[in-house]
Amino acid sequence: MGVFSVENGVFRLDGADFKVLSGAMHYFRVHPGQWRHRLAMLRAMGLNTVETYVPWNLHEPRRGEFRRMEELGAFLDAAAEEGLLAIVRPGPYICAEWDNGGLPTWLTGRVRTSDPEYLGHVDRYFDRLLPQVAERQVTRGGNVIMVQVENEYGSYGSDQAYLRHLADGLTSRGVEVPLFTSDGPADWYLTGGTLPGVLATVNFGSDPDRAFAVLRGHRPDDPPFCMEFWCGWFDHWGHKHMTRDAGDAAAVLERILELGASVNLYMAHGGTNFGARAGANQAGERAMGDWRPTVTSYDYDAPIDERGAPTEKFWRFREVLSRYTGEPPAVPPVPDVLPPATLRPVQSVPLLEALEAVAGPETHAPVPPSFEELGLEHGLVLYRGQVPGPRGAYRLRLPGLRDRAHVLVDGRLAGVFERDAEEPEVSVSGPATVELLVESMGRTNYGPLTGESKGLTGGVLHHQQYLNGWSARPIPLEDVSAVPFADGADAGPRSFFRFLLEVDEPADTFLALPGWGKGYVWVNGFCLGRYWDRGPQRTLYVPAPLLRAGTNGIVVLELDQVGRALDLRTTPDLG
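Because the structure is a prediction, the values reported are computed rather than measured.

Draft legend 1. Spatial organisation of the overall build of the protein chain. From N to C terminus, the protein chain includes 11 helices and 33 strands. Taking 2.2 N^0.38 as the reference for a compact globule, 575 residues should give roughly 25 Å; the C-alpha atoms of the protein chain span a radius of gyration of 25 Å, in line with that estimate. If one aligns the C-alpha atoms of the protein chain with their principal axes, the spans along those axes are about 80 × 55 × 40 Å. Considering the protein chain as a whole, with its 575 residues, one finds that 61% of them fall into the buried category. Counting only contacts in the protein chain whose residues sit at least 6 apart along the sequence, the fraction spanning at least 24 positions is 79%. About 21400 Å² of surface is accessible on the protein chain, with carbon and sulfur atoms providing 49% of the total. Positive and negative side-chain charges in the protein chain, numbering 54 and 74 respectively, have mean positions lying 2 Å apart.

Draft legend 2. Seen up close, unusual backbone geometry. With omega at 0°, the peptide bond leading from tyrosine 266 into methionine 267 counts as cis. Mapped onto the elements of the fold, methionine 267 is located in the loop between β11 (262-266) and β12 (280-282). The amide bond that connects glycine 430 to the next residue, proline 431, takes the cis arrangement and shows omega of 5°. The backbone phi angle of aspartate 207 is positive, close to 55°, even though this residue is not glycine. Examined against the element boundaries, aspartate 207 turns out to sit in the loop between β9 (199-204) and α8 (208-218). Classification of aspartate 207 as partly exposed rests on a relative accessible area of 39%.

Draft legend 3. Highlighting the pairing of β11. With five of five residues buried, β11 lies mostly within the body of the structure. Here β11 shows a buried face lined by Ser262, Asn264 and Tyr266 and a second buried face lined by Val263 and Leu265. Relative to β11, strand β4 (residues 21-24) runs parallel, the two sharing three bridges. Across the sheet, the residue bridging to serine 22 is asparagine 264, located in β11. Relative to β11, strand β10 (residues 225-230) runs parallel, the two being bridged by four bridges. Each residue of the ladder has a partner; that of phenylalanine 229, found in β11, is leucine 265. In this fold, β10 hands off to helix α9 (residues 246-258), which returns the chain to β11; that crossover is right-handed.

Draft legend 4. Summary view of the sheet that holds strand β33 (residues 566-569). A sheet is described by the order of its strands in space; here four strands give the open sequence β14-β33-β28-β31, paired in antiparallel fashion. With partners counted over all chains shown, the strands left at the sheet margins are β14 (341-343) and β31 (539-542), one partner each. Each adjacent strand pair in this sheet contributes to an overall mean axis angle of 25°, direction not counted. Pairing of strand β28 (residues 509-512) with β31, which is carried by four bridges, proceeds in the antiparallel orientation. Looking at the pairing, phenylalanine 510 lines up with tyrosine 541 of β31.

Draft legend 5. Quick peek at the packing of aromatic side chains. All told, the structure shown has 31 aromatic pairs when counted by the stated rule. Ring centres 6.0 Å apart and planes at 55° place the aromatic pair tryptophan 237 and tryptophan 532 in the tilted group. Taken together, the residues span a long stretch of sequence, with tryptophan 237 in the loop between β10 and α9 and tryptophan 532 in strand β30 (residues 526-532) at a distance of 295 residues. For tryptophan 532, a relative accessible area of 9% puts it in the buried group. Between phenylalanine 510 and tyrosine 541, the aromatic rings sit 5.6 Å apart at their centres with planes inclined by 40°, giving tilted as the arrangement. Within this pair, whereas phenylalanine 510 is found in strand β28, its partner tyrosine 541 is found in strand β31, the two being separated by 31 residues in sequence. Of the two residues, phenylalanine 510 and tyrosine 541, neither departs from the other in class, the shared state being buried. An aromatic cluster is defined as three or more aromatic residues linked by ring pairs; in this entry it consists of Tyr53, Trp230, Trp233, Phe234, Tyr266, Tyr298 and Tyr300. A cation over a ring is seen here: arginine 29 above tyrosine 298, with NZ or CZ 3.6 Å from the ring centre. Above the face of the phenylalanine 66 ring, arginine 128 is positioned so that its terminal group lies 4.3 Å from the ring centre.

Draft legend 6. Up close: the packing of helix α4 (residues 116-129) against helix α6 (residues 160-172). Their axes nearest at 11 Å, the elements α4 and α6 cross at an angle of 20°. As summarised for this structure, α4 and α6 are arranged roughly parallel, according to the angle between their axes. Remark: the crossing between α4 and α6 carries right-handed chirality. Facing α4, whose interface residues are Tyr118, Leu119, Val122, Asp123 and Phe126, α6 presents Tyr162, His165, Leu166 and Leu170. Residue composition of the contact of α4 with α6, by class: seven nonpolar, one polar and one charged.

Definitions and cut-offs
- Sequence order sets the numbering: in each chain, residues are counted from 1 along the sequence as written.
- Given that the model is predicted, a residue must reach a pLDDT of at least 70 before its local features are reported, and side-chain atom pairs must reach 80 or more before they are shown or counted; all residues, however, enter totals for whole chains, interfaces and linings.
- Here the side-chain values reflect all heavy atoms present in the structure, with hydrogen atoms and water set aside.
- Secondary structure counts use DSSP, requiring at least four H or I residues in a row for a helix and at least two E residues in a row for a strand, with both numbered from the N terminus.
- Each radius of gyration reported is based on C-alpha atoms, and the globular scaling rule is 2.2 Å times the count of residues to the power 0.38.
- Remark: exposure states derive from per-residue accessible area (1.4 Å probe, protein chains only) relative to the maximum for the residue type, with buried under 20%, exposed over 50%, and partly exposed in between.
- Pairs of residues are marked as contacts when any of their non-hydrogen atoms sit within 4.5 Å.
- Residue-level accessible areas treat just the shown protein chains as cover; the underlying method is Shrake-Rupley with a 1.4 Å probe.
- His is not counted here, nor are the chain ends, while Lys and Arg score as positive and Asp and Glu score as negative.
- Where a charge sits is defined by one atom per residue type, namely NZ (Lys), CZ (Arg), CG (Asp) or CD (Glu).
- When DSSP finds two or more bridges between a pair of strands, those strands are recorded as paired.
- Here the term right-handed applies to a crossover when the path leading from its first strand over the helix to its second strand runs clockwise, the strands being oriented away from the viewer.
- Lines are fitted to the C-alpha atoms to define the axes, a helix being fitted only along its stretch in contact, and any angle between axes, read from their N-to-C directions, falls within 0 to 180 degrees.
- Classification of ring pairs rests on two measures: the distance between centres of Phe, Tyr or Trp rings, Trp counted by its six-membered ring, which must be within 6.5 Å, and the angle between planes, read as stacked under 30 degrees, edge-to-face over 60 and tilted in between.
- The rule is short: NZ of Lys or CZ of Arg within 6 Å of the ring centre and within 35 degrees of the ring normal puts a charge over the ring.
- Orientation is classified from the angle alone, with under 35 degrees giving roughly parallel, over 145 giving roughly antiparallel, 65 to 115 giving roughly perpendicular, and any other angle giving oblique.
- Each helix crossing is assigned a hand: it is left-handed if the near helix lies turned anticlockwise from the far helix by less than a right angle, otherwise right-handed if that turn is clockwise.
- Charged residues are taken to be Asp, Glu, Lys and Arg, nonpolar residues to be Ala, Val, Leu, Ile, Met, Phe, Trp, Tyr, Cys and Pro, and polar residues to be all remaining types, Gly included.

Worth remembering: the numbers are spatial, not functional.
Set out below in C-alpha cells:
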C-alpha cells in the first residue's frame, strides 16, 4: 500500500516530498517484446515514472468488439518490474498524433460533450478498461500515481458537465489517486479544459517561466507540472523532418526542474505508428487549414530513438536529471541489427485479381458510401459506377475526397486525385465504367475538425451532374495471408509483391523501398505501416520480435510505382 497526494502545493509519496520525473512511452507504439528494454532505458535516463495514453479505437475498433484489453495492465506491470511509477491517460480522447485522436469511427452522438448518447459509449468502454487501472494504483500496492481526465480539452470545448461526468466516472470506478487535466498555458485553454477539485497541468516546449506563471494565475495551490514537455516533434508526409537541438532541449528541462516543477518528457521514447493508425493535423493557428497526414515513424526526435538507442539528447537529459536524482542505473545495451541485404520479389498478383481474398462484400447505394458506412476503419475501397451515354467528354471531379483516389476509366488509369491538391484534368465521355480505388490516410487528431469521414464524401461529379448508382467493396488490409500470389514479379502498380528473408537470428532492421512509390508493408503478416516516396521518411523500422529464425515473408502492396528490390539497412532514414 502506498500514498501519493498533494499537500500544500507539493507532491508527496508515502509521506515524503516527491518530484515526478516522467517520460511518455505508449505501449501501443512499441512491440510488447521490447517494452522491458525501453522501460529500462527510461530508468537509465534518470526518470522515476512512465506515462502512457490509451487509444480507445485500438481497443474497440467496432462497437462492442473489444480487443487487446489486457495490454495496458501488462504494460503497467512491466513498468513496475522496472522500478517505474505510472501515469495513465485513458481519454476518451487522446490526440497523440493518433488516428481520430483515439476516438472510434463508429461513435454516435456529439463527441467530447455531455451528450447522453456519446457518454453512454464512454461509460461502457470505461467499465471494461478501468478495472485494470484501479487495481494497479499505489493505494493498492501497484504503481499508478495519477490518472488524467480527457486530454487538452481546452483546445476543443468548454463543456464542464462533460468533464465532471468523466471525473466522477473515474472515481466511481475505483480511481483513488489524484486526477488531473492537461492544457496549453493560456487563459482560454485553462478556463475551458480544467475542473474544480482536479489538478491542472500545462503542456509546452519552451519558456517554462511564463507557462508556470500562467498556471499559477489560475491555480495558485496546484504543484507546477509540465505534463508534456515537447522535447522533439513529429513529421508529416511531404514536409521537412523535424528535429530539436539537444542542448536547447536540455536547457529548458534544466529550467523546469530549477523552478521546482515536475515534468513528463513528451516523448521519452516515441516508437512507431504501426498499421494505418497514424493521425493527421490541420495547419494554422486555429487547426482548420491544410490537412497533413502523419508519417509511420513516431521517432519524435526523442531522447530514446525508434529502435531504443540513446541519442545525444538522452545523454544531455541524463546529465540534467542526475543532478536531481543521483546516479541513474546503467544504460542497457542497444539491440543488434541485421546485416545489410537486398531482396527481390519472388511473387506478385494485381490487387483486382486478389479482390475475393482481401475485400469485404460488395455494397450497392445511390451515392458512394463512406468508409464508416462500410464499417471500414482504414484501407481501400473500390467504387464502381457508370457514366451514362452517349455523351461528350466532360471533366470528372471528386469534391470532398478523403484522401486519395486512383481513377480508372474502362480499366485504364486516367489520373490520381489527392485531397487538398489541384485535381488532374480527367475528362470522360459516356457510356463508360468508372472505378475509383480510394485510400484513406490519417484522420485529423486535433482541433475542431476532429471526427471526419473517409471516402468520396462529396460524391462524384461529371461536369455539374452527380453520378449515381455505385457499388463499393471495402479492402481492410488487415489480413494478407490469403493473397493468391503467382510466381514472378511482373505485376504493375496496384499489386501485391512477396519477398523472402532468411534470418539466422532475429534482430532489428530498417526496410527501404528505393524506386517504389506508395503503399503498405507486412512482415510475417504484421502491418508495419505506410511508405511514400514523398518523404521525409525513407525507411520503416522492423522490430526484431516480428522476425523468426529461418524464412520470413514480406508483403508489399504498391499503388503507384513498382521498384526493383527492397533493401534492409542498419540505420534509419527519417529525412
